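Letter by letter, the chains look like this.
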Amino acid sequence: MTLAGPAEQNRAPGGRGVGEQVLRATGARMPANGLRQVLKVQLGLLSDTDRYLTAESFGFKVNASAPSLKRKQMWLLEPDPGQAAAVLLRSSHLNRYLSAEEDGRVACEAEQPGRDCRFLVLPQPDGRWALQSEPHGRFFGGTEDQLSCFATAISPAELWTVHLAIHPQAHLLSESRRRYVHLRPQEDEMAADGDMPWGVDALLTLVFQSRRYCLKSRDSRYLRSDGRLVREPEPRACYTLELKAGKLAFKDCDGLYLAPVGPAGTLKAGRNTRPGKDELFDLEESHPQVVLLAANHRYVSVRQGVNVSANQDEELDHETFLMQIDQDTKKCTFYCSTGAYWTLVTHGGIQATASQVSPGTMFEVEWRGRRVALRASNGRYVCMKRNGQLAAVSDFAGEDEEFTLKLINRPILVLRGPDGFVRHRRGSNQLDTNRSGYDVFHLSFSDGAYQIRGRGGFWYTGSHGSVCSDGERGEDFLFELRERGRLAIRARSGKYLRGGASGLLRADADLPAGPALWEF
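Residues numbered from 1 in each chain as written. Predicted model: local features only at pLDDT ≥ 70, side-chain atom pairs only at ≥ 80, totals over all residues. Heavy atoms only, no water.

Chemist: An account of the overall build of the protein is requested, with residue identities and associated values reported.
Modeler: A count of helical and extended segments in the protein gives one helix and 49 strands. A compact globule built from 520 residues would reach a C-alpha radius of gyration of about 24 Å, and the protein, at 24 Å, matches this within 12%. When its C-alpha atoms are laid out on the principal axes, the protein stretches across 75 × 55 × 45 Å. Every one of the 520 residues in the protein was classed for burial, and the buried ones make up 56%. Partitioning the contacts of the protein with sequence separation of at least 6, the portion at a separation of at least 24 is 52%. In the structure as shown, the protein presents an accessible area of about 21700 Å², 45% of it carried by carbon and sulfur atoms. (Helix = DSSP H or I, 4+ residues; strand = E, 2+ residues; numbered from the N terminus. Rg over C-alpha atoms; globule rule 2.2 N^0.38 Å. Buried < 20%, exposed > 50% of the residue type's maximum accessible area, 1.4 Å probe, protein only. Contact = heavy atoms within 4.5 Å. Areas by Shrake-Rupley, 256 points an atom, 1.4 Å probe, with all protein chains shown as cover.)

Chemist: Quick one: what's the story with the side chain of D201, residue by residue and with numbers?
Modeler: In this structure, D201 sits in the loop between strand 15 (189-194) and strand 16 (204-209). Only 2.6 Å separates the side chain of D201 from the side chain of R218, close enough to count as a polar contact. Dropping the residues within four chain positions of it, D201 is found in contact with V181, H182, L183, P185 and R218. (Polar contact = N/O pair within 3.5 Å; in protein donor to acceptor, adjacent residues only side chain to side chain.)

Chemist: Would you mind going over the nonpolar core in detail, with residue names and values included?
Modeler: One recurring pattern in soluble globular proteins: nonpolar side chains tend to sit buried together. The biggest cluster of nonpolar side chains holds 54 residues, and the ones touching the most others in it are L45, W75, W129, L131, F140 and F250. Counting 52 residues, the second-largest nonpolar core is a separate cluster that includes V302, C332, C336 and F520. (Core = buried A, V, L, I, M, F, W, Y, C linked by side-chain atoms within 4.5 Å.)

Chemist: Just give me the short version of the sheet that holds strand 44 (residues 467-471), but keep the residues and values in it.
Modeler: Reading across from one edge, 37-41-42-43-44 is the order of the five strands in this open sheet, with antiparallel pairing throughout. Bordering the open sheet on either side are strand 37 (412-413) and strand 44, each of which pairs with just one other strand. Two elements, strand 41 (residues 441-446) and strand 42 (residues 449-454), share five bridges in a ladder whose sense is antiparallel. What sits directly across from L443, in strand 42, is I452. (Pairing = 2+ DSSP bridges.)

Chemist: Which residues make up the pattern of salt bridges, and what values do they have?
Modeler: Overall, the coordinates contain 46 salt bridges when judged by the stated rule. Ionic pairing is found between K247 and E175, a salt bridge with its closest N-O pair at 3.3 Å. You can see K247 sitting in strand 21 (residues 247-251) and its partner E175 sitting in the loop between strand 13 (169-174) and strand 14 (180-184), a full 72 residues away along the chain. With relative accessibility at 2%, the residue K247 sits in the buried group. The exposure class assigned to E175 is buried, which follows from its relative accessible area of 1%. Where D510 meets K495, a salt bridge forms, and the shortest distance between an N and an O atom there is 2.3 Å. Separated by 15 residues along the polypeptide, D510 in the loop between strand 48 (505-509) and strand 49 (518-519) and K495 in the loop between strand 46 (486-490) and strand 47 (496-499) bring together distant segments of the chain. When its relative accessible area of 55% is taken as the criterion, D510 is described as exposed. Shared partners join several salt bridges into a network, and the residues in it are E364, E366, R368, R375 and E402. (Salt bridge = Lys/Arg side-chain N within 4 Å of Asp/Glu carboxyl O.)

Chemist: Please provide a residue-by-residue account of unusual backbone geometry, values included.
Modeler: We note that N95 has phi near 60°; this positive angle belongs to a residue other than glycine. With respect to the helices, strands and loops of the structure, N95 is situated in the loop between strand 5 (87-91) and strand 6 (97-100). Phi is positive for R178, close to 55°, though the residue is something other than glycine. Judged by relative accessible area, which is 27%, R178 ranks as partly exposed.

Chemist: An account of the packing of aromatic side chains is requested, with residue identities and associated values reported.
Modeler: This model, assessed by the stated rule, comprises 16 aromatic pairs. Between Y239 and F250 the ring centres are 6.4 Å apart and the planes differ by 80°, which places this aromatic pair in the edge-to-face class. In this pair, Y239 is assigned in the loop between strand 19 (229-230) and strand 20 (240-244) and F250 in strand 21, connecting sequence segments 11 residues apart. Three or more aromatic residues joined by ring pairs form one cluster here, namely F321, F334, W342 and F363. (Phe/Tyr/Trp six-rings, centres within 6.5 Å; stacked < 30°, edge-to-face > 60°.)

Chemist: Which residues make up the pairing of strand 17 (residues 212-216), and what values go with them?
Modeler: Counted residue by residue, strand 17 has four buried out of five residues, so it is predominantly covered. Here strand 16 pairs with strand 17 via five bridges, running antiparallel. Bridging across to strand 17, T205 finds its partner in K216. Connecting the antiparallel pair strand 16 and strand 17 is a turn made up of two residues, with S210 showing a positive phi of about 50°.

Chemist: Give a detailed account of the pairing of strand 42, specifying residues and quantitative values.
Modeler: Counting buried positions along strand 42 yields five of six residues, so the element is predominantly enclosed. Linking strand 41 to strand 42, which pair antiparallel, is a turn of two residues; within it D447 sits at a positive phi near 50°. Judged from the two bridges that link them, strand 42 and strand 43 (residues 457-461) form a sheet pairing that is antiparallel. When the bridges of strand 43 are listed, R453 appears paired with F458. Count of turn residues in the strand 42/strand 43 antiparallel hairpin: two residues.

Chemist: How would you sum up the confidence of the model for the protein? Please name residues and give values.
Modeler: Looking at the protein, the pLDDT average stands at 89 and 92% of residues meet or exceed 70. Low pLDDT, under 50, characterises residues 1-34; the predicted model gives this stretch 97 contacts beyond four residues in sequence or across chains. (pLDDT = per-residue confidence, 0-100.)

Structure, rendered in structure tokens:
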């Protein structure tokens, strides 16, 4: 998924409106290997009084009264097919469009976009947006339940801060260098130096606070504008987020923009006060990356050629596989650092030779407690042969067909369910599942299970399935990667974790579906 629009040749040419450039945020770019995915950008619009634009079911009214970003406060930007410079705002909650009439009245009841639904996006120097009715020329704004689109000039009441309503963990790609940003622990910096977002160091967390954004590394440090990594989100580690031609730009408190600098591509604020190609980035989905341990206690690898074999004693790039789950079939592919997919070949062998996704590259995952079994497209289970090579030749799953699967690129975990993010409940050892902000949790892995630790201690299940977060020792939870971007978490009781009507996290779901699936 990407905040970037289509490839370079599809950018808005000179003379097009800013609105058209902004709507590139919902565009797609999918190269042949299928790895780069479109992020369906949902956003919240925060008013000058720190309240979110909200679409209400009753009367299809809109207001700016909500203090937090939840489902009713999420909007999608869409291109207007009849006017290149204009955008449409569709409520994610109502699936209807925002409209402004000639007399300034606003509502969100249009099932199909009409003339009154067209808006122009006018970015301001501080990164906020003004929204202007395209047919009527008036500006949209106001306070609380007194919203209208009748202002003839832009005042603070007509300015909106964009809050991206996406899962905050992703990869960052430099537009100019075409390299992914990684943490470089030995050099104590972040740099745009990776051909692929491989391994845990490519994971970034985009933190929104006080109308600005911070870039958090996988070891929980924040990027300061001078290139240093610091433990607290101090002012020089906070940035105004701007969208330019569908790309992201990060402006520091001095009005300068982050860019890769020098031969190593070290990320720091440069000298430019206007973002050019060097200062633009794409935000892309972070697919799960996994290692697999076979029954011989050796890691599955492609280190020694095209054959996929369990023959290594350490987990490095050749033992790491990017796992993509098909949304329709729920089957998955395994992509290697060599640039190829696992695929089924003659006589049931598994080789890393496929350049495209096909039926032969798809595997069905069976979650068997602390182990997994893989069924190939021939209907047979993948097993480990005596020489360590993998082959899909078994009719039944036994010890040789079971693998320990470990998720390696989520040392820190942010969970979002249908109603919001998981966060500690204030003054309690329990966890809420309906918050607009989130807490970051740390993972440790042992024999196919995970322990989850927050600021108060380890997670464990208490009475009536409640999940508590102040344990001195961690309970083992099982992770099941069930859908693209979503996992289920199984407690020792065999029940799955879900968010209840009260907003509390409980282990009481029988099936890994619906509210028991978590974006991660």
